[in-house]
Amino acid sequence: QVQLVESGGRLVQAGGSLRLSCAASGRTFSRYAMGWFRQAPGKEREFVAAFSWNDNTVYADSVKGRFTISRDNPKNAAYLQMNSLKPEDTAVYYCAARSTFGAYSDPRTYSYWGQGTQVTVSS
C-alpha cells in the first residue's frame, strides 16, 4: 500500500509560479511510477504529467513547456513545478501512483491517489 498527500496549492496570479509536493509513505516509493492529474469543477479528471515506467517524463499538451514533474526517492516525494500559470490551470491537483505497466495518461491505470490540493489562478 502507498499513501499520498499533496500540498502547496494556493491562490496565485496569472503568470506566476507554484510548486506542488506529494509526500508518500508505505511500500518502496521507487517501485511506483508517479503521475499528476487535475480536475476542474464540472469537468472530468485530466492527465497533467507523469513518469513512464522507465522514468521518462511525459506531459499533456496544455502544460508542456510550463510544468515539470520530478521525484526525490530518498525523501519519498514527488513534485510538480508549475510556471507561467494561466487561469485555465485552476483545478484540484492530484498525485497518483501506479505499479504496473499501462497507459500513463489513463486515471484507471493508477492504484493510489492523494486527496488533492486546490490551485487557483487569478486573471
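Cut-offs used in this document
- Residues numbered from 1 in each chain as written.
- Predicted model: local features only at pLDDT ≥ 70, side-chain atom pairs only at ≥ 80, totals over all residues.
- Heavy atoms only, no water.
- Buried < 20%, exposed > 50% of the residue type's maximum accessible area, 1.4 Å probe, protein only.
- Helix = DSSP H or I, 4+ residues; strand = E, 2+ residues; numbered from the N terminus.
- Pairing = 2+ DSSP bridges.
- Phe/Tyr/Trp six-rings, centres within 6.5 Å; stacked < 30°, edge-to-face > 60°.
- Core = buried A, V, L, I, M, F, W, Y, C linked by side-chain atoms within 4.5 Å.
- Contact = heavy atoms within 4.5 Å.
- Salt bridge = Lys/Arg side-chain N within 4 Å of Asp/Glu carboxyl O.

Undergrad: Could you give me a rundown of the pairing of strand β1 (residues 2-7), with the residues and numbers involved?
TA: Across the two faces of β1 the burial differs, with V2, L4 and E6 buried and Q3, V5 and S7 not buried at all. Sheet topology places β1 next to strand β3 (residues 18-26); six bridges connect them, and they run antiparallel. Following the sheet pairing, V2 is matched in β3 by G26.

Undergrad: With reference to specific residues and values, describe the packing of aromatic side chains.
TA: Taken as a whole and assessed by the stated rule, the structure comprises seven aromatic pairs. Here F47 and Y104 contribute two aromatic rings whose centre-to-centre distance is 5.5 Å and whose plane-to-plane angle is 55 degrees, an arrangement assigned as tilted. Placement of F47 in strand β5 (residues 46-51) and of Y104 in the loop between β9 (91-98) and β10 (112-113) is noted, with a sequence separation of 57 residues between them. Of the residues examined, Y104 reaches a relative accessible area of 32% and is grouped as partly exposed.

Undergrad: Could you give me a rundown of the nonpolar core, with the residues and numbers involved?
TA: Residues L4, L80, M82 and Y93 are the most contacted members of the largest nonpolar core, which totals 35 residues. If we ignore the near neighbours within four places in the chain, the residues touching L80 are L18, R19, L20, W36, V48, A49, F67, T68, I69 and Y93.

Undergrad: Explain the pattern of salt bridges residue by residue, including any values.
TA: Under the counting rule described, the total for this entry stands at six salt bridges. Linking R108 and D106 is a salt bridge whose minimum nitrogen-to-oxygen distance equals 3.1 Å. A relative accessible area of 75% means that R108 is categorised as exposed. Taken together, the shared-partner salt bridges connect R38, E46, R66 and D89 into one network.

Don't take any of this as a statement about function, it's just geometry.
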